[in-house]
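# Observations on chain architecture
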Amino acid sequence: MERFLGIDLGAGSLKASVVLRDGRCLASASASVPTMKPFAGASEQDPQEWWLALCRAVRAVMEQAGNPALTAIALSAGAHSSVLSDAQGRAIRPAIMWNDQRSRAQVGRLRDTAGKRIAALSCNSVSPTWTLPHLAWLVENEPDSLAAAHRLTPAKDWLRGRLTDDWLTEPMDAVGLMLFDPAAGTWSEELAALAGISTKILPPVVPSLSLAGHVTGRAAAETGLAAGTPVVAGVSDTAAEALGAGMTQAGMGVVKLATAATLSCVATNPEPSKTLVSYPYLPEGRWFWITGTNSCASAHAWLRETMFSSGGGTALDYAAMEALAEQVPAGSNGLYFHPYLNGERAPHWDPDLRGSLAGMTFQHGPGHFMRAFYEGVAYSLADILRQFNAADVRFERLRITGGGARSRMWRQILADVLETPIELPESADASFGCALVAGLGVGAFASVADLQRAVRIVASHAPDPNSSAVYREGFATYRDIHAALQDINHRISARERGEPRSRN
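Note that the coordinates shown come from a computational prediction; the quantities given were computed from them, not determined experimentally. (Residues numbered from 1 in each chain as written. Predicted model: local features only at pLDDT ≥ 70, side-chain atom pairs only at ≥ 80, totals over all residues. Heavy atoms only, no water.)

### Regarding a nonpolar patch on the surface
Under the convention used in this document: Any residue with relative accessible area above 30% and no salt bridge may belong to a patch, with like charges joined within 9 Å and the nonpolar Val, Leu, Ile, Met, Phe, Trp and Tyr side chains within 5 Å. Only the protein chains shown count as cover for residues, with accessible areas throughout obtained via the Shrake-Rupley method and a probe of 1.4 Å. Any carboxyl oxygen of Asp or Glu within 4 Å of a side-chain nitrogen of Lys or Arg constitutes a salt bridge here. Put simply, DSSP marks the helices as runs of H or I at least four residues long and the strands as runs of E at least two long, and each gets a number from the N terminus on. Partly exposed residues are those whose accessible area sits between 20% and 50% of the maximum for their type, while under 20% is buried and over 50% is exposed, using a 1.4 Å probe and protein chains only.
A surface patch of nonpolar side chains, about 240 Å² in accessible area, is lined by Trp-302, Met-307 and Leu-341. Note that Trp-302 resides in helix α10 (residues 297-307). Classification of Trp-302 by relative accessible area gives partly exposed; the value is 31%.

Okay, structure coming up:
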């Protein structure tokens, strides 16, 4: 039986999985990756920590799997996170991550001066998520970093280069930099100029299923992999998760509950809009649409650490927190949570929004806060669903992925709030999807549609009509609270930045 290794760099850890051709996962292992927050809104990681995590996770998963011979390897990582390196290949500075919000001023100027042109060329609207404004921030704040850069490489491609000594990327991550013109199939000199860089520092772009190279002897010594193992170019993390969940046809979408929460679907063409983000997909020539919120599992961890820990620092486990929430009825007795703990992406694209708990009374206890959290993230996804509906996209069902998908209660709340059946695949994280991509790259699967036979559904949730009725009314209130607090949030953010705003 052919065996494939999928490696995914996530927001807080790197995970590796060994998967058989029939979709059975032999073993998985992960290693943590620290995030640095040098100032408010900033989010950075050291690329060397990525490589150390890869070495730890790969050695662990190969040992668990019995050190099998691998047919192929593929990698993924979050889009918009890239590495600037010098002539010797050393990272010049930490990588600015996709959830970094520092570039709000640069985004405002780019929108005013070139917003329509950026959307026309890149097929997406500029926001603090993208690499282009990250680079524009560096031009103004760290010009020496850009001056010393000989290469700019997306995160997963930098890691793969450590395995194979290649230097290339593929269409998904090229589009994620907001420096690529997919219609022309080339890097855009115009977009690069807006970012303050030369296209000479950008890697060649090859198809996602291309053979990028083979594991080198040096990398084999560090990781425990066999030298000469084929390595496929790879895909973005969200594409890997969607493929691993079996998102191969219209009418099916994927909702992801991870550090952020996202909603995606197969598309036939890019859609330049403020709310729907477009990326190339598989098979080549297809696209997918995605959009998401900034805070999901990250907010879950924050809630646990701040509201469910004792004075000694010991926190309840997530199962115990959920057991408290199960005692609370749908609607949390009028308690509402807005998960804008790091600003918000879709549908507002507003880095100055703040999280809120509204409607608190003496009758609300820990279980209410826990359930209101689940419902708040679900409402934020309902806000996103409206953007898909406006683009005439309807979902017959949604597959669910990410760490939050392990919660039975959260899955049911999502089905009730979104009024859409939810299906849980047995394995659908990005490392699993990457392993399938490795198989596609070496011809183990006949087509992308053939991946369906490797996907097993282990749970499904139909919407409960009574709960959906409660949430329909609750969602309207959720949106009203957002509208009422928006200007207040802006004033608070401006004041903290030292830019007091007068009350309207």
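### Considerations on the packing of helix α1 (residues 47-64) against helix α5 (residues 155-164)
The condition is simple: Note on geometry: axes are lines fitted to C-alpha atoms, helical ones only across the stretch in contact, with angles between N-to-C directions running from 0 to 180 degrees. Roughly parallel means an angle under 35 degrees; roughly antiparallel, over 145; roughly perpendicular, 65 to 115; everything else is oblique. By definition, turning the near helix anticlockwise from the far helix through less than a right angle yields a left-handed crossing, and turning it clockwise yields a right-handed one. The criterion used for residue contact is that any of the two residues' heavy atoms lie within 4.5 Å. Ten residue types, Ala, Val, Leu, Ile, Met, Phe, Trp, Tyr, Cys and Pro, are classed as nonpolar, four, Asp, Glu, Lys and Arg, as charged, and the remainder, Gly among them, as polar.
Orientation of α1 relative to α5, taken along the N-to-C sense of each, is 55 degrees, at an axis distance of 10 Å. Overall, the two elements α1 and α5 adopt an arrangement that is oblique. Of the two elements, α1 crosses α5, and the hand of that crossing is right-handed. Counting all contacts with α1, which are made through Pro-47, Gln-48, Trp-50, Trp-51 and Leu-54, the residues of α5 involved are Ala-155, Trp-158, Leu-159, Arg-162 and Leu-163. Looking at the contact of α1 with α5, its residues break down into eight nonpolar, one polar and one charged.

### Things to note about the pattern of salt bridges
For the coordinates displayed, the defined rule picks out 32 salt bridges. Residues Asp-383 and Arg-386 are paired through a salt bridge, measuring 3.9 Å at the closest nitrogen-oxygen approach. Of this pair, Asp-383 and Arg-386 both sit in helix α12 (residues 366-390), three residues apart, which is roughly one turn of that helix. A relative accessible area of 2% places Asp-383 in the buried class. Arg-399 is the partner of Glu-423 in a salt bridge, and the nearest nitrogen-oxygen pair spans 2.6 Å. Placement of the pair is Glu-423 in strand β20 (residues 422-425) and Arg-399 in strand β19 (residues 397-401), with a sequence separation of 24 residues. Residue Arg-399 is classed as buried on the basis of its relative accessible area of 5%. Through salt bridges that share partners, Lys-156, Asp-157, Arg-160, Asp-166, Glu-170 and Asp-173 make up one connected network.

### Observations regarding the sheet that holds strand β16 (residues 287-293)
Put simply, the rule reads: In short, DSSP must find at least two bridges between two strands for them to pair.
Overall, mixed pairing links the seven strands, which are arranged β15-β16-β14-β13-β19-β20-β21 in an open sheet. Since the sheet does not close on itself, it has two edges, and those belong to β15 (277-280) and β21 (457-461), each with one partner. Here the average twist between neighbouring strands, direction ignored, is 30 degrees. Two elements, β19 and β20, share two bridges in a ladder whose sense is parallel. Across the sheet, Leu-398 pairs through a bridge with Ile-422, a residue of β20. On top of the sheet, α12 reaches β13 (252-257), β14 (261-267) and β16; it is set at about 25 degrees to β14, its chief contact. Taken strand by strand, helix α13 (residues 408-418) contacts β13, β19, β20 and β21, and its axis lies near 50 degrees from that of β21.

### Thoughts on empty space enclosed by the protein
Vacant regions in the atomic arrangement are exposed by a probe of water-molecule size rolled over the atoms. For clarity, the threshold we go by: In this analysis a 1.4 Å probe is tested at points of a 1 Å grid over the protein atoms alone, and where it fits but cannot get out there is a cavity; an open set with protein on both sides within 12 Å along at least five of seven lines is a pocket; lining residues have an atom within 4 Å of a point. Grid points are joined across faces, edges and corners, and a volume is the space filled by probe spheres set on the points.
The final tally for this structure, using the stated rule, is four cavities of 30 Å³ or more. In this structure, the largest cavity encloses a volume near 100 Å³. The biggest single contributor to the lining of the largest cavity is helix α3 (residues 131-141), with four residues. When its residues are assigned to classes, the lining of the largest cavity shows eight nonpolar, three polar and one charged. The space that makes up the second largest cavity amounts to roughly 40 Å³. Taken together, Gln-101, Ser-127, Pro-128, Thr-129, Asn-294, Glu-344, Arg-345, Trp-349, Asp-350 and Pro-351 make up the lining of the second largest cavity. The residue makeup of the lining of the second largest cavity, split by class, is three nonpolar, four polar and three charged.

### Re the environment of Ala-195
With respect to the element layout, Ala-195 can be found in helix α7 (residues 189-195). Residue Ala-195 is classed as buried on the basis of its relative accessible area, which comes to 0%. When the C-alpha atoms of Ala-195 and Leu-179 are compared, they prove to be 8.1 Å apart, with 16 residues separating the residues in sequence. Setting aside chain neighbours within four positions, we find Ala-195 in contact with Leu-132, Leu-135, Ala-136, Val-139, Leu-146 and Leu-179.

### Re the side chain of Glu-423
Of the residues examined, Glu-423 reaches a relative accessible area of 16% and is grouped as buried. Filtering out sequence-adjacent residues up to four positions away, Glu-423 remains in contact with Arg-397, Leu-398, Arg-399, Ile-400, Ile-457, Ala-459 and Ser-460.

### Quick word on the packing of α10 against α12
Relative to each other, α10 and α12 sit at 165 degrees, their axes nearing to 11 Å. Taken as axis vectors, α10 and α12 run roughly antiparallel relative to one another. In the crossing of α10 with α12, the sense of the turn from one axis to the other is right-handed. In this structure, α10 contributes Ala-299, His-300, Leu-303 and Met-307 to the contact, and α12 contributes Phe-369, Met-370, Phe-373 and Tyr-374. Of the residues that constitute the contact of α10 with α12, the class distribution is seven nonpolar, one polar and no charged.

### Observations regarding the packing of aromatic side chains
Note the following rule: Classification of ring pairs rests on two measures: the distance between centres of Phe, Tyr or Trp rings, Trp counted by its six-membered ring, which must be within 6.5 Å, and the angle between planes, read as stacked under 30 degrees, edge-to-face over 60 and tilted in between. Any Lys NZ or Arg CZ found within 6 Å of a ring centre and within 35 degrees of that ring's normal is scored as a charge over the ring.
In the structure shown here, the tally under the stated rule is 16 aromatic pairs. Considering the side-chain rings of Phe-39 and Trp-137, the 6.1 Å spacing of their centres and the 25 degrees angle between planes classify their relative orientation as stacked. Placement of the pair is Phe-39 in the loop between β3 (25-32) and β4 (44-45) and Trp-137 in helix α3, with a sequence separation of 98 residues. Since its relative accessible area comes to 36%, Phe-39 is described here as partly exposed. A relative accessible area of 11% places Trp-137 in the buried class. The positively charged end of Arg-102 is found above the aromatic ring belonging to Trp-137, 4.5 Å away from the centroid. The lysine or arginine in question, Arg-304, covers the ring of Tyr-318, its NZ or CZ lying 5.1 Å from the ring centre.

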